[in-house]
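# Topology and contacts: notes
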Amino acid sequence: MAEQEGVIKYRLDYHPAGAPAESPDFAALRAWRDVLHRLGLVGQQPDRYDGYGFGNVSLRRPAGFLISGTQTGLPVRLAPQGYAEVTRCNVAANHIIANGPVKPSSEALTHGAVYAVDERIGAVLHAHSPEIWHHGPRYPATAADVPYGTPAMAQAVAQLYRDSDLPEIGLFTMRGHTDGVVAFGATAEQAGQRLVAALARSLVSV
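Procedures and definitions
Residues numbered from 1 in each chain as written. Predicted model: local features only at pLDDT ≥ 70, side-chain atom pairs only at ≥ 80, totals over all residues. Heavy atoms only, no water. Helix = DSSP H or I, 4+ residues; strand = E, 2+ residues; numbered from the N terminus. Contact = heavy atoms within 4.5 Å. Polar contact = N/O pair within 3.5 Å; in protein donor to acceptor, adjacent residues only side chain to side chain. Buried < 20%, exposed > 50% of the residue type's maximum accessible area, 1.4 Å probe, protein only. Pairing = 2+ DSSP bridges. Phe/Tyr/Trp six-rings, centres within 6.5 Å; stacked < 30°, edge-to-face > 60°.

### A short note on the environment of Ser58
- Note on placement: Ser58 falls in strand β2 (residues 56–61).
- Here the alpha-carbon distance between Ser58 and Ala108, two residues 50 residues apart in the chain, equals 8.5 Å.
- Apart from residues lying up to four places away in sequence, Ser58 is in contact with Leu29, Phe65, Leu66, Ile67, His111, Tyr115, Gly122, Ala123 and Val124.
- At a separation of 2.6 Å, a polar atom in the side chain of Ser58 contacts the side chain of His111.
- Here Tyr115 takes part through its side chain, which lies 2.7 Å from a polar atom of the side chain of Ser58.

### Looking at the environment of Arg194
- Within the secondary structure layout, Arg194 lies in helix α6 (residues 188–205).
- A sequence separation of 123 residues divides Arg194 from Gln71, and the C-alpha atoms of the two residues are 24 Å apart.

### Quick word on the pairing of strand β3 (residues 64–68)
- β3 sits mainly inside the fold: 4 of its 5 residues count as buried.
- Across 4 bridges, β2 lies against β3 in antiparallel orientation. Bridging from a neighbouring strand, Leu59 pairs with Leu66 of β3.
- Direction of pairing for β3 relative to strand β4 (residues 83–90): antiparallel, over a ladder of 4 bridges. If you follow Phe65 over to β4, its bridge partner there is Val86.

### Details of the packing of aromatic side chains
- Following the criterion strictly, the structure yields 3 aromatic pairs and no others.
- For the pair Phe65 and Tyr115, a centre-to-centre distance of 5.3 Å together with 40° between the ring planes defines the contact as tilted. Placement of Phe65 in strand β3 and of Tyr115 in helix α2 (residues 108–117) is noted, with a sequence separation of 50 residues between them. We note that Phe65, like Tyr115, is buried.
- Summarising the aromatic geometry, the rings of Tyr161 and Phe184 are spaced 6.1 Å apart at their centres and angled 45° between planes, so their arrangement reads as tilted. You can see Tyr161 sitting in helix α4 (residues 151–163) and its partner Phe184 sitting in strand β9 (residues 180–185), a full 23 residues away along the chain.

Okay, here's the thing in structure tokens:
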């Protein structure tokens, strides 16, 4: 049985606050999120995943990372008010501290795990793509029994990064999270290009 989308599984200490400050790299992340929405890789649709929002994006910050909020998939363009700032992500303790206008995405722990494996990673994009998940070339993948947004997922990501060609590819699928794909890179642009290129390659196989 597929897991219900959008359920926060980590312990969250959340403090309401204003929107994150504007910056060029934050603007680039928001632009790529909007591109992914237009491609159907991020969004909210009545006929997909029981109508829950899907997909999320994040950007490394010196003390943590910015991430789109939980269930913010519906807007075609997501304003800064749709983002939270994670100031602490303790993967082993399954604990996140965050502030902002919204609570962080249910996938925030997975994003934190990706940032933890390599300090050069600056942006993470989590999309839902049936084409990549079902028809694309074989990408590194977490096992089907590893649930999203958990310490087990974080451990699986670290193992993939250590034992596969994931550092070069910059993209993996989550076999236990239907259609779940994660791309990352030094910038949002690099992560976005990897994700869109993977979608194009998968369409050749459909």
